[in-house]
Amino acid sequence: MMKTSLLKVGMTFIVLTLAFAGLLWTSLQGGTEYFKHVDEVMASPAQWEGRALQLHGFVVPGSILRKPNSFEYRFRLEHNGSVVDASYEGIVPDTFKDHSEVVLSGRLVEDARPEGRAYGPNSYRFHTKRDGIMAKCPSKYEQAGPAKARLASRQES
Amino acid sequence: MAGLGSFLLLATFVVCSYAATASVVGARRGSRALIDSGIGAFHLVTAFMTVASAVMINAFLTNDFSIKYVAHYSDRIQPLFYKITAYWGGLDGSIMFWVFLLSIFGSIAVHVNRIQYRELIPYVVATIAGVQMFFLYLMVVHNSPFTTFLTPTPADGNGLNPVLQNYWMVIHPPSLYVGLVGMTIPYAFGMAALITGHLDDAWLRAVRRWTMFAWLFLSFGLTLGMIWAYEELEWGGFWGWDPVENAGALPWFTATAFLHSVMVQERRSMLRIWNVTLVIVTFFLTIFATFMTRSGVVQSVHAFGEDPELARAFTVFMVVILVVSFGFVIRRLPLLSARNDLDSWISKEAAFIANNWILLFSAFFVLFATMFPTLSEAVTGNRLSIATPFYNRWMAPIGLTLLFLTGVGPLLGWRKSTIWNLRHQFMWPVLTMVGVGAVVLSMGFRVWTAGLCFALCGFVTGTIVQEFWRGANVRKGATGSDWFTALVGLVGRNKRRYGGYIVHVGAVLFFLGCAGQSFKQRTELLLKPGEQTTLGKFTVRYDSLSVTDDGQKQMVTAAMTAFDGGREVDRLYPAKWFFHKQAQPTTEVAIRRMLAEDLHVVLVNFDAATQTVSLQLVINPLVNWIWIGFAVLAIGTGIALLPERAYSFATEKVSVARTRTRKTVYS
């Protein structure tokens with residue numbers, strides 16, 4: 001009696017675990033994004049082009065440009081000496097400014113702009129998706145309490 | 001003063017180690033005197049921590065900037081209230097606050113239970129003191145909040161970040177801490193029961209209330225965090241599956257599971273291993289949550305900084321917890337075997353077991369997803385992040401299944417339900433569900449998760465109303481009182497059961513609010529003065545832009561008028577504030593709150609020359625029901641926590657007619 005019930009529980013557990021592991025695995029394929037630093041991506045940009053990425057770096061001071069009367073932004077992101085152009089359309093969090101440490105969600109695209117463009121040393125541009133900017137500023141990072149500031153997690157809930 | 005503080009922490013550590021040792025040795029040798037001295041030392045720890053906290057608060061109040069921590073989180077012009085609350089504003093102070101709370105809870109728990117659970121108390125003291133020693137060790141060796149400057153004392157401090165100077169932010173962390181720290185008490189009793197082998201169901205009675213109390217505050221803390229995010233941040237949402245948010249939710253899942261499964265053990269003496277495991281896992285997750293937010297092991301926008309040394313200390317501590325706790329569980333397995341088997345899968349026990357599996361699965365899913373970036377980096381070398389939609393895709397069906405079980409559980413009987421039972425019990429709730437579903441469909445809602453959620457909310461509401469209705473009617477018949485007194489008496493006689501149902505009402509309201517999110521509307525646009533735009537049923541006109549200064553900050557405010565069907569309904573003033581001491585502006589959201597929906601307006605940007613503003617408008621249907629749901633949940637938990645005598649006026653009331661009858665019989 002004890003043995004059969006143990007067997008039943010064990011079997012149920014194994015079947016459920018396998019089923020969930022399978023589901024998890026399949027749904028993970030589409031649900032994940034690579035988390036990379038700017039220098040890692042820019043070392044071989046062609047490899048990362050078009051893939052869903054979370055790009056980590058610091059906003060180059062003075063690089064944030066906003067097209068007047070629009071929500072379109074251009075800026076540059078730097079990490080370990082490597083720089084990438086980035087574009088964004090939407091609302092930026094308060095914490096997004098010069099020197100901010102940010103994580104951008106989006107894709108690396110080949111920039112269609114012709115030679116002689118206004119700025120940017122390379123021909124790739126990181127296209128940030130809507131609500132794809134998460135920023136923390138160093139001072140806030142230090143001061144944020146346990147309470148933590150959900151300061152810029154701008155994803156839809 | 002800093003010297004006194006540091007000394008107190010060191011002294012507390014010493015006293016704490018004595019409390020732990022004396023209790024254990026005393027219990028093993030059967031020496032009452034030694035045990036009592038351990039308990040005395042344990043209370044002395046509380047006294048020391050109280051004095052140390054007073055020293056810390058005094059340092060903030062007297063602007064003692066020679067202490068680094070004070071200089072970092074306060075300044076001279078900081079309002080008094082924020083000076084006091086800056087105590088738990090940073091890493092070091094928050095750890096000290098943690099020990100302070102734990103010492104108070106520990107003292108209360110030990111004092112209250114000292115007679116009834118005499119044989120458990122020494123090990124309860126030892127367990128709590130062990131946990132305190134770990135945190136004290138961190139403070140003494142690694143992160144002392146009383147560290148002073150070696151260089152000359154600065155004239156003024158940095159001040160607390162203005163974004164955190166918000167009343168929600170002031171009560172959110174302590175509330176969350178009370179919840180997290182409170183879970184140590186059930187763990188201590190569970191461990192004491194395991195160590196002594198007194199594994200009858202008595203220890204459960206000692207911890208039930210504590211778990212409920214801690215659970216209430218954990219829920220409160222999580223809700224406050226959501227309200228803060230919704231009100232202070234410009235994204236118009238309240239939950240983003242950020243690692244730090246998830247950390248607080250993990251023990252919540254397992255504690256909720258425990259609050260349900262504990263009933264199965266009380267009624268049927270089943271799930272004994274499971275319950276003790278849940279208590280251990282819940283405690284482990286509270287420590288894990290602290291570890292996650294403080295060691296920098298997961299990337300979060302708002303975790304504390306990276307601290308490998310702290311990470312190592314926590315890792316060792318967590319391994320010790322797991323090895324010792326589960327070591328004792330394995331050792332006591334023979335004493336933990338269930339005294340009954342599951343009779344049928346159509347029974348309350350089975351519903352509770354299903355509910356437990358799902359809650360536990362939720363905890364592990366969230367844990368897995370939160371740790372996934374770290375895990376994937378360790379395994380493949382590539383850091384893979386999980387995006388928010390992935391969480392939602394998984395948690396929506398999980399949440400709906402839980403909601404369904406919330407309705408099913410109360411309808412099933414213990415042991416076994418017959419077909420007649422099922423029909424009798426399920427008819428009205430199912431009819432309510434079908435009715436709500438039909439109404440939702442006929443109104444043209446086409447989001448299936450939300451539609452299903454509404455229908456299930458109807459089902460659960462049907463269940464709860466039916467339980468109250470039938471219970472009150474039976475009692476009315478039995479006591480002869482009026483219906484309302486019967487209802488109050490019913491709740492009073494079964495406070496946990498009916499308090500629990502009220503908690504379920506809160507859960508239903510929470511789910512309603514979440515379902516409303518499927519119908520969220522959002523737009524971003526530029527407006528010139530006098531221009532207007534329409535979103536959903538609202539038309540919003542931008543009137544003017546003004547700049548004012550109150551000495552502390554410059555405020556740029558847009559004046560807006562909201563119309564509903566051509567009628568002016570509200571004036572809204574979204575703003576941007578520029579604090580003179582801070583480089584970064586803060587966004588002040590304007591919200592028109594209604595039960596049906598919120599109109600959430602954000603001033604994103606402005607051009608002072610042309611008076612043009614860029615705005616974000618969000619319509620958030622049903623969002624306020626989430627907060628109302630919490631209030632209802634708190635009332636329900638409060639009823640379940642009430643002492644036995646609270647309702648005596650209703651429970652003892654016997655009708656006049658019956659009194660007379662009795663008199664006639666006996667006279």
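Residues numbered from 1 in each chain as written. Chains lettered and ligands numbered in written order. Predicted model: local features only at pLDDT ≥ 70, side-chain atom pairs only at ≥ 80, totals over all residues. Heavy atoms only, no water.

Colleague: Explain the overall build of chain B here, please?
Modeller: Check the secondary structure of chain B and you find 21 helices and 11 strands. The C-alpha radius of gyration of chain B comes to 28 Å, within 12% of the 26 Å expected for a compact globule of 667 residues. C-alpha extents for chain B along the principal axes are approximately 90 × 70 × 65 Å. Looking at chain B as a whole, 60% of its 667 residues qualify as buried. For chain B, contacts bridging at least 24 residues in sequence account for 72% of all contacts bridging at least 6. (Helix = DSSP H or I, 4+ residues; strand = E, 2+ residues; numbered from the N terminus. Rg over C-alpha atoms; globule rule 2.2 N^0.38 Å. Buried < 20%, exposed > 50% of the residue type's maximum accessible area, 1.4 Å probe, protein only. Contact = heavy atoms within 4.5 Å.)

Colleague: Hey, could you run me through the overall build of chain A in this one?
Modeller: Across its full length, chain A carries four helices and seven strands. Listing every helix and strand of chain A by position from the N terminus yields α-β-α-α-β-β-β-β-β-β-α. Going through the 157 residues of chain A one by one, you find that 48% of them count as buried. Contacts spanning at least 24 positions in sequence make up 56% of the contacts within chain A whose residues lie at least 6 apart. Accessible area of chain A: about 7700 Å², with a carbon and sulfur share of 61%. (Areas by Shrake-Rupley, 256 points an atom, 1.4 Å probe, with all protein chains shown as cover.)

Colleague: What is the right way to look at the sheet that holds strand β2 (residues 521-527) of chain B in this model?
Modeller: Strand pairing within a sheet occurs via backbone hydrogen bonds; the two strands may be parallel or antiparallel. All names here are of chain B. Within the open sheet, the four strands sit side by side as β2-β11-β10-β9. Their pairing is antiparallel. What marks the edges here is a single partner per strand, and that holds for β2 and β9 (590-592). Going from strand to strand, the sheet's axes swing by 20 degrees on average, the running direction of each strand aside. In the sheet, strand β10 (residues 597-607) pairs with strand β11 (residues 612-621) via 10 bridges, with the strands oriented antiparallel. By the bridge assignment for β11, Phe606 is matched with Val613. (Pairing = 2+ DSSP bridges. Axes fitted to C-alpha atoms, helices over the stretch in contact; angles between N-to-C directions.)

Colleague: Can you help me understand the side chain of Ser63 of chain A in this one?
Modeller: All names here are of chain A. Structurally, Ser63 is set in the loop between β2 (52-59) and β3 (65-66). A polar atom in the side chain of Ser63 sits 2.7 Å from the backbone oxygen of Val60. When near neighbours in sequence (up to four residues on either side) are disregarded, Ser63 contacts Arg74, Phe75, Arg76 and Asp98. (Polar contact = N/O pair within 3.5 Å; in protein donor to acceptor, adjacent residues only side chain to side chain.)

Colleague: Is there a simple way to explain the packing of helix α5 (residues 91-113) of chain B against helix α7 (residues 167-182) of chain B in this structure?
Modeller: Angle between the axes and distance between the axes are the two parameters that describe a pair of packed helices. Residues and elements named next belong to chain B. Axis separation between α5 and α7 bottoms out at 10 Å; the angle between their running directions is 55 degrees. When the interaxial angle is binned, α5 and α7 end up oblique. For α5 against α7, the interelement crossing comes out right-handed. Along the contact surface, α5 presents Ser94, Phe97, Trp98, Leu101, Leu102 and Phe105, while α7 presents Pro174, Tyr177, Val178, Leu180, Val181 and Gly182. (Parallel < 35°, antiparallel > 145°, perpendicular 65-115°, else oblique. Left-handed = near helix turned anticlockwise from the far one by under 90°.)

Colleague: Help me understand the environment of Ala486 of chain B in this model?
Modeller: Residue and element names in this part refer to chain B. Relative to the helices and strands, Ala486 is located in helix α17 (residues 483-493). C-alpha separation for the pair Ala486 and Arg475, spaced 11 residues apart in sequence, amounts to 5.6 Å. Ala486 has contacts with Ala472, Arg475, Lys476 and Ser481, leaving out every residue within four places of it along the chain.

Colleague: Honestly, the nonpolar core in this entry has me stumped. Any pointers?
Modeller: Proteins that are soluble and globular tend to have nonpolar side chains buried together. All names here are of chain B. Core analysis: the largest hydrophobic core is formed by 156 residues, its most contacted members being Met96, Phe135, Phe189, Leu194, Trp203 and Phe288. With 18 residues, helix α9 (residues 202-232) is the largest single contributor of residues to this core. By size, the runner-up hydrophobic cluster in this structure holds 25 residues, among which are Phe454, Ile464, Leu490 and Tyr498. (Core = buried A, V, L, I, M, F, W, Y, C linked by side-chain atoms within 4.5 Å.)

Colleague: In this structure, what is going on with the packing of aromatic side chains? I would like to understand it.
Modeller: Given two aromatic rings, one states the distance between the centres and the angle between the planes to describe the pair. Inspection of the entire model under this criterion finds 51 aromatic pairs over all chains. Relative to Phe213 of chain B, the ring of Trp210 of chain B lies with its centre 5.6 Å away and its plane at 90 degrees, an arrangement referred to as edge-to-face. Of this pair, Trp210 of chain B and Phe213 of chain B both sit in helix α9, separated by three residues, roughly a single helical turn. By relative accessible area, Trp210 of chain B is classed as buried at 12%. Since its relative accessible area comes to 24%, Phe213 of chain B is described here as partly exposed. Plain terms: the ring middles of Phe468 of chain B and Tyr498 of chain B are 5.1 Å apart, the flat faces sit at 55 degrees to each other, and that makes the pair tilted. Taken together, the residues Phe468 of chain B in helix α16 (residues 448-479) and Tyr498 of chain B in helix α18 (residues 495-516) connect sequence positions 30 residues apart. What makes Phe468 of chain B buried here is its relative accessible area of 15%. The positively charged end of Arg383 of chain B is found above the aromatic ring belonging to Phe35 of chain A, 5.4 Å away from the centroid. (Phe/Tyr/Trp six-rings, centres within 6.5 Å; stacked < 30°, edge-to-face > 60°. Lys NZ or Arg CZ within 6 Å of the ring centre and 35° of its normal.)

Colleague: Sorry, what's going on with the pairing of strand β4 (residues 538-549) of chain B here?
Modeller: In summary, the side chains of a regular strand alternate between the two faces of the sheet. Residue and element names in this part refer to chain B. Taken together, the four bridges between strand β3 (residues 532-535) and β4 define a ladder with antiparallel strand orientation. Paired with Thr534 across the two strands is Thr539, which belongs to β4. Note: β4 against strand β5 (residues 553-564), 11 bridges, orientation antiparallel. Residue Thr539 lies in a different strand from β5, and its bridge partner there is Phe563. In sequence, β4 turns back onto β5 through a hairpin of three residues, with Gly551 there showing a positive phi of about 95 degrees.

Colleague: I'm lost on a nonpolar patch on the surface in this one. Help?
Modeller: On the surface, Leu16, Phe20 and Leu23 of chain A together with Trp345, Ile346 and Trp357 of chain B cluster together into a nonpolar patch covering about 590 Å² of accessible area. Considering the arrangement of structural elements, one finds Trp345 of chain B in the loop between α12 (308-331) and α13 (348-380). Relative accessible area serves as the criterion here: at 61%, Trp345 of chain B is assigned to the exposed category. (Patch = residues over 30% accessible without salt bridge, like charges linked within 9 Å, V, L, I, M, F, W, Y side chains within 5 Å. Salt bridge = Lys/Arg side-chain N within 4 Å of Asp/Glu carboxyl O.)

Colleague: Looking at this structure, I do not really get unusual backbone geometry. What am I missing?
Modeller: Backbone geometry follows two general trends: most residues other than glycine have a negative phi, and most peptide bonds adopt the trans configuration. A positive phi angle, close to 70 degrees, is found at His99 of chain A, a residue other than glycine. A relative accessible area of 52% places His99 of chain A in the exposed class. At Leu622 of chain B, a residue that is not glycine, the phi angle is positive and equals roughly 60 degrees. Within the element layout of this structure, Leu622 of chain B appears in the loop between β11 and α19 (624-641).

Colleague: Just checking my understanding: could you explain the environment of Tyr187 of chain B for this structure?
Modeller: Residues and elements named next belong to chain B. Following the sequence through the fold, Tyr187 ends up in helix α8 (residues 184-196). A sequence separation of 17 residues divides Tyr187 from Val170, and the C-alpha atoms of the two residues are 28 Å apart. In this structure Tyr187 touches Thr127, Val279, Ile280, Phe283, Ile321 and Ser325, once residues within four positions along its chain are discounted.

Colleague: Would you mind showing me how to read the confidence of the model for chain B here?
Modeller: Any residue range with low pLDDT should be treated as having predicted coordinates unsuitable for detailed reading. Residues and elements named next belong to chain B. On average, residues of chain B score 87 in pLDDT, and 94% of them are at 70 or above. Per-element confidence in chain B ranges from a low mean pLDDT of 45 for helix α21 (residues 656-666) to a high of 95 for helix α2 (residues 32-61). Under a pLDDT of 50 for its full length, residues 653-667 has, in the predicted model, nine contacts with residues more than four places off or in other chains. Among the prediction metrics, the complex's ipTM stands at 0.74, with pTM recorded as 0.87. (pLDDT = per-residue confidence, 0-100.)

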